[in-house]
Amino acid sequence: DAGVIQSPRHEVTEMGQEVTLRCKPISGHNSLFWYRQTMMRGLELLIYFNNNVPIDDSGMPEDRFSAKMPNASFSTLKIQPSEPRDSAVYFCASSSNRAYNEQFFGPGTRLTVL
Amino acid sequence: DQQVKQNSPSLSVQEGRISILNCDYTNSMFDYFLWYKKYPAEGPTFLISISSIKDKNEDGRFTVFLNKSAKHLSLHIVPSQPGDSAVYFCAASAPPYDKVIFGPGTSLSVIP
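Here is what the cut-offs are and how they apply
Positions within a chain are numbered from 1, following the residues in the order the chain's sequence is written. A letter from A marks each chain and a number from 1 marks each ligand, given out in the order of writing. Totals for whole chains, interfaces and linings use all residues, but because this is a predicted model, local features are given only for residues with pLDDT of at least 70 and pairs of side-chain atoms are given and counted only at 80 or more. Hydrogens and waters are ignored; side-chain quantities use all the structure's heavy atoms. Salt bridges, as used here, are contacts in which a Lys or Arg side-chain nitrogen is within 4 Å of a carboxyl oxygen on Asp or Glu. Going along the chain from the N terminus, every DSSP run of H or I of four or more residues is numbered as a helix, and every run of E of two or more is numbered as a strand. For each residue, the accessible area found with a 1.4 Å probe, counting protein chains only, is set against the maximum for its type, and the residue is called buried under 20%, exposed over 50%, and partly exposed in between. Only residues whose relative accessible area exceeds 30% and that form no salt bridge enter a patch; like-charged residues are grouped when within 9 Å of one another, and nonpolar side chains (Val, Leu, Ile, Met, Phe, Trp, Tyr) when within 5 Å. Values of accessible area rely on a 1.4 Å probe in the Shrake-Rupley scheme; residue burial ignores everything except the protein chains shown. Strands pair, by our definition, only if DSSP identifies at least two bridges between them. Whether two residues are in contact is decided by their heavy atoms, any of which lying within 4.5 Å being enough. Reported buried area values correspond to the accessible surface (1.4 Å probe) lost by two parts on association, with both partners' losses combined. Between N or O atoms, a polar contact is any pair within 3.5 Å; within protein, one atom must be a potential hydrogen donor and the other a potential acceptor, and residues adjacent in sequence are included only when both atoms are from side chains. Gly counts as polar in this scheme, as do all residues outside two lists: the nonpolar Ala, Val, Leu, Ile, Met, Phe, Trp, Tyr, Cys and Pro, and the charged Asp, Glu, Lys and Arg. Aromatic pairs are defined between Phe, Tyr and Trp rings, using the six-membered ring for Trp, whenever the two ring centres lie within 6.5 Å; interplanar angles under 30 degrees are classed as stacked, those over 60 as edge-to-face, and all others as tilted.

(A) Region of interest: the pattern of salt bridges. Following the criterion strictly, the structure yields 10 salt bridges over all chains and no others. Across the pair A:Asp56 and B:Lys99 runs a salt bridge whose closest N-O atoms are separated by 2.5 Å. Here A:Asp56 is found in strand 6 (residues 53–56), whereas its partner B:Lys99 is found in the loop between strand 9 (86–93) and strand 10 (101–102) on a different chain. For A:Asp56, a relative accessible area of 17% corresponds to the buried category. Its salt-bridge partner being A:Arg85, residue A:Glu62 comes within 3.2 Å of it at the nearest N-O pair. Of this pair, A:Glu62 sits in the loop between strand 6 and strand 7 (65–71) while A:Arg85 is found in the loop between strand 8 (74–79) and strand 9 (88–95), placing the two residues 23 residues apart along the sequence.

(B) Up close: a nonpolar patch on the surface. A surface patch of nonpolar side chains, about 230 Å² in accessible area, is lined by B:Ile18, B:Ile20 and B:Val78. The residue B:Val78 is located in the loop between strand 8 (72–77) and strand 9 in this model.

(C) Summary view of the sheet that holds strand 7 (residues 62–67) of chain B. Residues and elements named next belong to chain B. If you walk across this open sheet you meet the 5 strands as 1-3-8-7-6, and the pairing is antiparallel. Looking at strand neighbours, the two that pair on one side only are strand 1 (4–5) and strand 6 (56–59), the edges of this open sheet. Pairing between strand 3 (residues 19–25) and strand 8: 6 bridges, direction antiparallel. What sits directly across from Ser19, in strand 8, is Ile77.

(D) Main features of the interface of chain B and chain A. With 19 residues of chain B at the interface, the matching set in chain A holds 19 residues. Taking both sides of the interface into account, the surface hidden between chain B and chain A amounts to around 1600 Å²; carbon and sulfur atoms contribute 56%. There are 3 residue pairs in polar contact (both at pLDDT 80 or more) connecting chain B and chain A. Breaking the side of chain B that touches chain A down by element, the ones donating at least two residues are strand 4 (32–38) and strand 9 of chain B. Of the residues forming the side of chain B that touches chain A, the biggest block, 4 residues, is contributed by strand 4 of chain B. Class assignment for the residues of the side of chain B that touches chain A results in 11 nonpolar, 4 polar and 4 charged.

(E) Representation of the packing of aromatic side chains in the model. Applying the stated rule across the entire model yields 12 aromatic pairs over all chains. Ring geometry for A:Tyr35 versus A:Phe105: centroids 5.3 Å apart, planes at 35 degrees, classification tilted. Taken together, the residues A:Tyr35 in strand 4 (residues 31–38) and A:Phe105 in strand 10 (residues 104–105) connect sequence positions 70 residues apart. The residues A:Tyr35 and A:Phe105 share a single accessibility class, namely buried. Here A:Phe105 and B:Phe102 contribute two aromatic rings whose centre-to-centre distance is 5.9 Å and whose plane-to-plane angle is 80 degrees, an arrangement assigned as edge-to-face. Taken together, the residues A:Phe105 in strand 10 and B:Phe102 in strand 10 connect one chain to another. The class of A:Phe105 is buried, set by a relative accessible area of 11%. In this structure B:Phe102 comes out as buried when scored by relative accessible area, which is 7%. A network of ring pairs unites the aromatic residues A:Phe33, A:Tyr35, A:Tyr48, A:Phe91, A:Phe105, B:Tyr36, B:Phe46, B:Phe89 and B:Phe102 as a single cluster.

These figures come from the coordinates and say nothing about function on their own.
In structure tokens form, the structure reads like this:
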């Protein structure tokens, strides 16, 4: 299995632009998580899906952030408009209900908003 | 308010010695704990876990100890190797175990 796939690996954009991060979970996993890692706050859970349905989005910072999971093999995290304080590494992770919380992380997307 | 705390941002240890990484939690509902390891430019990977029905779990050079009354757990690495140099995240989960809460991480450097 290729593991969790994220694209792009790096994104540099200007303030005010729309940014879309993409994730392909491991096949057969039914939970998908989006995290943000910063020096100040460590790994923060933004939102997670179970069977393609958003379960908890309480970690989403504000309305500029949105996430979708149109099917079991694809999810997006969108920031519109982006701001410099959104600069961070964004991770996607997936897990199986049989794996008891063991989450498999993608390599992350490093976002820089100028 | 951070529910999972790792008060040491960094730790340096000589190769061959023991590394002890500490973690404290505040939510008494947490009863399943995990450690993840992260190398630069990679995502975190699962290392070891422990359920609150145990106070120790061992996997090779890695042992996790849990002190429920103190709401404290620690990860011991013996002997430490240079390849163990990474950021270690402590994480905790509560029923229905649908998500985990991560601590801020501790950066371990093992010096040859």
